Structure formats: structure tokens, C-alpha cells
Amino acid sequence: MANVLKNNGIGKGDRVCLYMPMIPELAISVLACARIGAIHSVIFAGFSAQSLADRINDAQAKMVITSDGINRGAKQIPAKRVVDEALESCTSVQTVLVANCCGWEPNMQQGRDKWLNDELKNVSSTCPPEPMDSEDMLFILYTSGSTGKPKGVVHTCGGYMVYTAYSFQNVFQYNESDIYWCTADIGWITGHSYIIYGPLLSGATTLMFEGIPTYPDPARFWAVIDKHGVNQFYTAPTAIRSLMAEGIDHVLSYSLDSLKVLGSVGEPINEEAWHWYHTHIGKTKCPLVDTWWQTETGGILISGLAGISPLKPAHAGQPLPGIQPVLLTPDGQEMEGNNVEGLLCIKFPWPSMLRTTYGDHERCRQTYFSAFKNYYFTGDGAKRNADGLYRIIGRVDDVMNISGHRIGTAEVENAINHNLKVVESAVVGYPHHIKGQGIYVYVICHPFTEDENEDVVRDQIIETVVHEIGKIARPDKIQFVRGLPKTRSGKIMRRILRKIAEDDTANLGDTSTLLDPTVVEDIINGKL
Ligand code: 7RM
């Protein structure tokens, strides 16, 4: 595969975007890039053509690797068609390699598009690895922040690989010949660090799953665990909650005897889900590690070590050896002692910290290193309990966590505002029993025409968001309002909108500074 990349003009430092399902060719493409020093940027295949194009253009990628289609449960998604649409607005891409996944015959543009299988026939099976400096770029991964434009988080070769291997081995206590399974998609950081790099650098057997948890039935995870004798199982709270809702019967036909360690990642795990996971999947004998980290941190920073650390439901626990978290007050004072809550920052660098945001170093400095001088600011709030264990509360910025996926409220607002019916919108997260958070939209529209009503326009707005960002950003609730709560300087007061979406209207706080306090009452009355 590395030779295929080289044959198609890819060399050290070139960017290659991967837009693919969870097939072996995806992991192979990642490793092929690493071998020749090309910088991979995996784009989650649930993103729309528009989001894909934005990322390809930001990275100025020379190549895209994709597949004809994607199997998603019983459905099939035309990946190559999405790439074709994206490339209408990308000039940097010279070659598209297409893996055969569904046996389709997609449009193949002469001179640009090539079947991966054909290319693999024409190359030698040896390819010397490219010598790399430890600080050379390994990959870019786009992630959402509080602005409308996702950032290309950059990780480098040396530190990232050292830290993902170190954290993998220590957190999961992997032993030789164990079978380890992380259910994440490689389109997110968890898949990069804990399906590919951490396990493979450790010589581990890492299981890769192309399916979805509910197909052909909600027992699929448990069937795969029994079938392959999985020893370490690493998944997200949202998956646990949705399988928990399907009932215990799906679990009972499987022994799950092979399991030794359970892991959780992506969002706070609520106590109910924690106990269900620990009791019914781990049969109370498996340590459960709640791993806190971020795209930017590259690897797990706060977590128990399986079988070594004490277990406490809904607590990520202690920092890994070498990591120094602190809790700060809003004015930047370190909070001493235990039983305190504050803004989670990291005091000293660690091997896999992000090095820059691609093409905009100043943005990296501003976002992560300027809120508090000499600290890395995570964007999360956390508590340190009486025993010194950390409990992550959640984001303190305008970033939502929808089923463990990071999405900025500004991104969704930008997408909604593309709909010509929309005058203005405001987006907030609200507690959702399965997804962790759901997307709540307040929208002001132009007057409806005769054949329009709220249901029709609501569907159109959803379609706009799916088109602009992808299905992961599909709004859960859309409320039509006549005005938004704004300060005299014109700023939307999201705090108020968040409280209304959370049904916490008893504590709206001070609304006297609003331009028009009566809109708040109207919004409460129209609450969905
Ligand atoms: C790995 C990943 C990062 C954000 C982070 C948190 C939240 C992640 C946990 C968690 C509570 C956890 N990277 N988060 N893990 N919150 N407990 N164990 O998810 O860049 O996509 O998201 O996710 O808010 O800042 S990410």
C-alpha cells in the first residue's frame, strides 16, 4: 500500500485524506502513510460532502482514499458519490483511490480515480520506512471547537507513539495473546490512538469492527466478544445506554467469560450505565476504566489502571503517571486540596500533546494556551473528590457532546443559517437519555407561505444541517421563536437558552440586562 501511495506521487509531508468505512483498507492506508511519512487525515464517513471538502481544502490534500460504498447495518451509503461532490470544490486533489467494499460500479473520473485493488497489483511488496524526526507531523485530525470552523489538530511521530503505547499498556493491562477490542470509529481520535497506534505499537491483537451495535440485533457486541474471545473491551457510554434500553435478554444468551477489562470513553458515564456495564457485561469481576482525554491530548490523561486503581462509578480517577492536572478558578488561581471544583487544566506538557492546529499556529496558542498563562486549558470542568479522584463534569465552552461526538454550537448555527427561511438561530445542548446530550435549536424564521407550516420548515432545516455537516449533527428539537434573548450589545444569552432547554426555568438568573425580557417568557411558553 505504501508503494501504491508512492507510485501515485505521494511522499513525505504530503497530506492524504481518508474517507472510508471501518474496513481493513482504512487501517492499512493509515499505516502506509505513516511508513512513507505522508500525513494522514481521516475524516469520519458520516460527514457530508461540504464538511469533507472543507477539510480537504484546509489540509490541501493531494490524495483521497475512499470506497465505492459503506455498509451501515442494513443500509448502504454511497461514499464515492460524496467524495465526487466534495471534489467539485477542491483543486488540490490529484488522485482518488477507491477500495471495493460493496461491489458497485461508481463513477470513475479518468486520470483521477483508480481502483485500489488494481493499483496493489502493480507494486513490490517491500517498502523501506521513511526516516522521520520525532517532531515531524504524523497526522491531522479535525475536531470541533467553539467557533464555526473545525480545527486540524496536529500530532507528531515521536511523542504521540510513545504516549499511546504507554497509556494503552498501562490503562488496559494488556497481556501477550490477549484480544483487545475498541468499538470506536477510526474517524475519531479514539480509533487512531486505541485501535491502531497504541495497540499495534504494543504488539497487541486489535479487533476492528465494521458493523453497528444494533445490527442484526442489539446483541451484536456480545456475540462478537464471545466469538473472538475478547479480553479487553473499550466502548462509549452512549452505546452502553442504548443497549441497556434494549433489555437484558440480549445479554443473557452470551457468556462474556473471556472479558477481563472494561473501558469507557468519550463523555461522562452516568452511574446507572456504569453499574449496568460493570454488573451485566463485566459480571462484577472486571475492572472498569473510565478514561478521560481529548483529540488534543492524543492519549488518555486521567483514568484508573485496570485492576490496580480503586473503582468509583462516574469518576475518571487519577492522572496517569507523569500527568499533572490542576483545577483553576475562573481568574486562574490553582485550587488546592480536595473536594473542589474548577476548570481542568494540565500544568506540564506530555508526549502526545497537540503541536499545532494545521495552518494556523496562532489559533492553537489562542485556543489552548492563552486562557491561563502557562497551562493547557481543556475546556472541561471537573471536581476533585475527597480521595483526590477526578470527576469530569463536562464542557464549559460552546462545544456539545452528542453520543460522544464533539460538535460546536456555532457550527450547527452556521449550517442552519444556510437555510433561506431562517433569519437567526441559537443552538444549545440539553440532557438526552441515550445520546448524553441532544441538540436544541431556537430559530427565528421569515413568515411562512401558504404551503409551509412548522413541520415542513422543521424538516427543511434538518435537511440543511445534514447536508452542511452530516447526520451526526441532526437537531433533536427545533423551536420556532419570535426573538432570542439578547443583551443590549446584541449578544445571545445562551445561558438562558440552555436553562430553558434543560427545563430549569426556576433559576434563569438575572434577565434584567436583556434588550427585551418578554421574549424569554414567550420562549418558555413555547418549550418543546
Ligand atoms: C477521547 C475523546 C473530548 C471531550 C472532553 C470531554 C469528553 C472524553 C471523557 C469525557 C467525561 C470521560 N476525544 N470526554 N472522555 N468526559 N469522562 N471519560 O472523546 O476530542 O472527541 O472529546 O469529550 O468533554 O473534553 S474528543
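Reading the values: rules and limits
Residues numbered from 1 in each chain as written. Predicted model: local features only at pLDDT ≥ 70, side-chain atom pairs only at ≥ 80, totals over all residues. Heavy atoms only, no water. Helix = DSSP H or I, 4+ residues; strand = E, 2+ residues; numbered from the N terminus. Contact = heavy atoms within 4.5 Å. Polar contact = N/O pair within 3.5 Å; in protein donor to acceptor, adjacent residues only side chain to side chain. Patch = residues over 30% accessible without salt bridge, like charges linked within 9 Å, V, L, I, M, F, W, Y side chains within 5 Å. Areas by Shrake-Rupley, 256 points an atom, 1.4 Å probe, with all protein chains shown as cover. Salt bridge = Lys/Arg side-chain N within 4 Å of Asp/Glu carboxyl O. Lys, Arg positive; Asp, Glu negative; His and termini not counted. Charge placed at Lys NZ, Arg CZ, Asp CG, Glu CD. Buried < 20%, exposed > 50% of the residue type's maximum accessible area, 1.4 Å probe, protein only. Pairing = 2+ DSSP bridges. Axes fitted to C-alpha atoms, helices over the stretch in contact; angles between N-to-C directions. Core = buried A, V, L, I, M, F, W, Y, C linked by side-chain atoms within 4.5 Å. Parallel < 35°, antiparallel > 145°, perpendicular 65-115°, else oblique. Left-handed = near helix turned anticlockwise from the far one by under 90°. Nonpolar A, V, L, I, M, F, W, Y, C, P; charged D, E, K, R; others polar.

**A few points about the environment of Met63**
1) Next: In this structure, Met63 sits in strand β3 (residues 63-67).
2) Next: In the structure, Met63 is positioned 226 residues away from Val289 in sequence and 38 Å away in space, judged by C-alpha atoms.
3) Next: For Met63, the contacting residues outside a window of four places in its chain are Leu5, Asn8, Ile10, Arg15, Val16, Cys17, Val93, Thr95 and Leu97.

**A short note on the environment of Lys435**
1) Next: Looking at the element boundaries, Lys435 is found in the loop between β22 (422-432) and β23 (436-445).
2) Next: When the C-alpha atoms of Lys435 and Ser242 are compared, they prove to be 8.2 Å apart, with 193 residues separating the residues in sequence.
3) Next: For Lys435, the contacting residues outside a window of four places in its chain are Thr238, Arg241, Glu267, Asn401, Ile402, Ser403, Gly404, Arg474 and Asp476.
4) Next: Of note is the side chain of Lys435, whose polar atom sits 2.7 Å from the side chain of Asp476.

**Some details on a positive patch on the surface**
1) Next: A cluster of like positive charges, contributed by Arg72, Lys75, Lys471 and Arg474, occupies part of the molecular surface.
2) Next: Topologically, Arg474 is positioned in the loop between α14 (454-468) and β24 (477-480).

**Looking at the pattern of salt bridges**
1) Next: Under the criterion given, the structure shown has 26 salt bridges.
2) Next: Where Glu267 meets Arg241, a salt bridge forms, and the shortest distance between an N and an O atom there is 2.9 Å. In this pair, Glu267 sits in the loop between β13 (261-265) and α11 (271-281) while Arg241 sits in helix α9 (residues 237-245), placing the two residues 26 residues apart along the sequence. Of the two residues examined, Glu267 and Arg241, each falls in the buried class.
3) Next: The shortest N-O distance in the salt bridge between Lys499 and Asp504 comes to 3.7 Å.
4) Next: Residue classification places Asp504 among the partly exposed positions, given a relative accessible area of 24%.
5) Next: What emerges from the salt-bridge pattern is a single network uniting Lys80, Asp84, Arg112 and Asp113.

**With respect to the sheet that holds strand β16 (residues 340-346)**
1) Next: Pairing within the open sheet is antiparallel, and its four strands lie in the order β15-β16-β18-β19. At either end of the open sheet lies a strand with only one pairing partner, and these are β15 (325-328) and β19 (390-395). Ignoring which end each strand starts from, the neighbouring axes of this sheet average 45° apart.
2) Next: As paired elements, β15 and β16 share four bridges and run antiparallel to each other. Across the sheet, Leu327 pairs through a bridge with Leu344, a residue of β16.

**Observations concerning the side chain of Asp178**
1) Next: In this structure, Asp178 sits in the loop between α6 (157-172) and β10 (179-182).
2) Next: Look at Asp178 and you get buried, because its relative accessible area is 5%.
3) Next: A polar side-chain atom of Asp178 sits 2.8 Å from the main-chain amide nitrogen of Asn175.
4) Next: Side chain to side chain, Asp178 and Gln232 meet in a polar contact 2.8 Å long.
5) Next: In contact with Asp178, not counting residues within four places along its chain, are Gln173, Thr205, Asn231, Gln232 and Lys260.

**As for the nonpolar core**
1) Next: Counting 72 residues, the largest nonpolar core has Leu5, Ile65, Phe172 and Tyr234 as the members making the most contacts within it.
2) Next: Counting 44 residues, the second-largest nonpolar core is a separate cluster that includes Val83, Val93, Val443 and Ile461.

**Some words on the packing of helix α2 (residues 24-36) against helix α7 (residues 189-201)**
Between two packed helices, the angle of one axis relative to the other and the distance separating the axes together describe the packing.
1) Next: The geometry of α2 relative to α7 is characterised by a closest axis approach of 11 Å and an angle of 60° between their N-to-C directions. Put simply, α2 runs oblique to α7. Note that α2 runs across α7; the crossing there is right-handed. Mapping the contact onto sequence places Ala27, Val30, Leu31 and Ala34 in α2 and Ile196, Tyr197 and Leu200 in α7.
2) Next: Its residues assigned to classes, the contact of α2 with α7 shows seven nonpolar, no polar and no charged.

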